[in-house]
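Each chain, written out:
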Amino acid sequence: MAAKLDEIDIQLLTALESDADRTNVELARLTGLSPAATLHRVRALKESGVIRIIRAHVDPALAGFPLQVWVTATLFRHDPRSSAVFEDHVRSLPQVIAADNLAGETDYLLSVVARDVAELQQVLASLSTRGGQRLVTYLRLAELKPPSPLLLGPPAAPSSPRTPRSLRQRR
């Protein structure tokens, strides 16, 4: 269930998503709250799970991981034990920087970084020995859109479809 967010919460979340390095005093100025009240609000957002973690977004290539790939994985067996073995292994691999369980044609989508092809081969081999039957690798060439902040606040009213000018004139 979604948390109830008021306008101040939305201001804080928007500010932190755009720059998580903001100080509490900056956040207080932005919202018009006292620093103590601001700190209380941010802590409440963390405790509720709305803010999961605050961290730096590191560029993998500049940090020494020039290979960035997505790997789709389909499991050989689809039972709870096989899934648990595979998922525990995925969580243990530092090269897997994000992983999602999917519904559809494939079971998992993994974001993997590697220093070189040999390291990538080791990761793929270890995934296949832990139940990954079909692994498909997609090489990331360039980032088109970086991770974006969530669109917070009330949903936008649906726009009414515009009637083409030619139809309006005929009526």
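Every value quoted in this text rests on a predicted model; they were computed, and no experiment measured them.

## Quick word on the sheet that holds strand β4 (residues 132-139)
Taken together, the four strands give an open sheet; going across it, the order is β2-β3-β1-β4, and neighbouring strands pair in antiparallel fashion. Both outer strands of the open sheet, β2 (96-101) and β4, are each paired with one neighbouring strand and no more. Neighbouring strand axes in the sheet, compared pairwise and without regard to direction, differ in orientation by 20° on average. Sheet topology places strand β1 (residues 67-75) next to β4; seven bridges connect them, and they run antiparallel. Residue pairing across strands places Val 69 opposite Leu 139, the latter belonging to β4. Along the sheet, helix α5 (residues 117-129) makes contact with β1, β3 (108-114) and β4, crossing β4 at roughly 150°.

## Description of the confidence of the model for the protein
Detailed reading of predicted coordinates is not advised where the pLDDT is low. The predicted model of the protein averages 90 in pLDDT, with 91% of residues at 70 or higher. Here helix α6 (residues 165-170) stands out as the element of the protein with the lowest mean pLDDT, 54, in contrast to β3, whose mean of 98 is the highest.

## Here we look at the packing of aromatic side chains
Across all of its chains, the model carries one aromatic pair by this definition. Centre to centre, the rings of Phe 86 and Tyr 108 are 5.0 Å apart; their planes meet at 40°, and the pair counts as tilted. One end of the pair, Phe 86, is in helix α4 (residues 80-92); the other, Tyr 108, is in strand β3, and 22 residues separate them in sequence. For the pair Phe 86 and Tyr 108, one class covers both residues: buried.

The rules behind the values
Residues numbered from 1 in each chain as written. Predicted model: local features only at pLDDT ≥ 70, side-chain atom pairs only at ≥ 80, totals over all residues. Heavy atoms only, no water. Pairing = 2+ DSSP bridges. Helix = DSSP H or I, 4+ residues; strand = E, 2+ residues; numbered from the N terminus. Axes fitted to C-alpha atoms, helices over the stretch in contact; angles between N-to-C directions. Contact = heavy atoms within 4.5 Å. pLDDT = per-residue confidence, 0-100. Phe/Tyr/Trp six-rings, centres within 6.5 Å; stacked < 30°, edge-to-face > 60°. Buried < 20%, exposed > 50% of the residue type's maximum accessible area, 1.4 Å probe, protein only.

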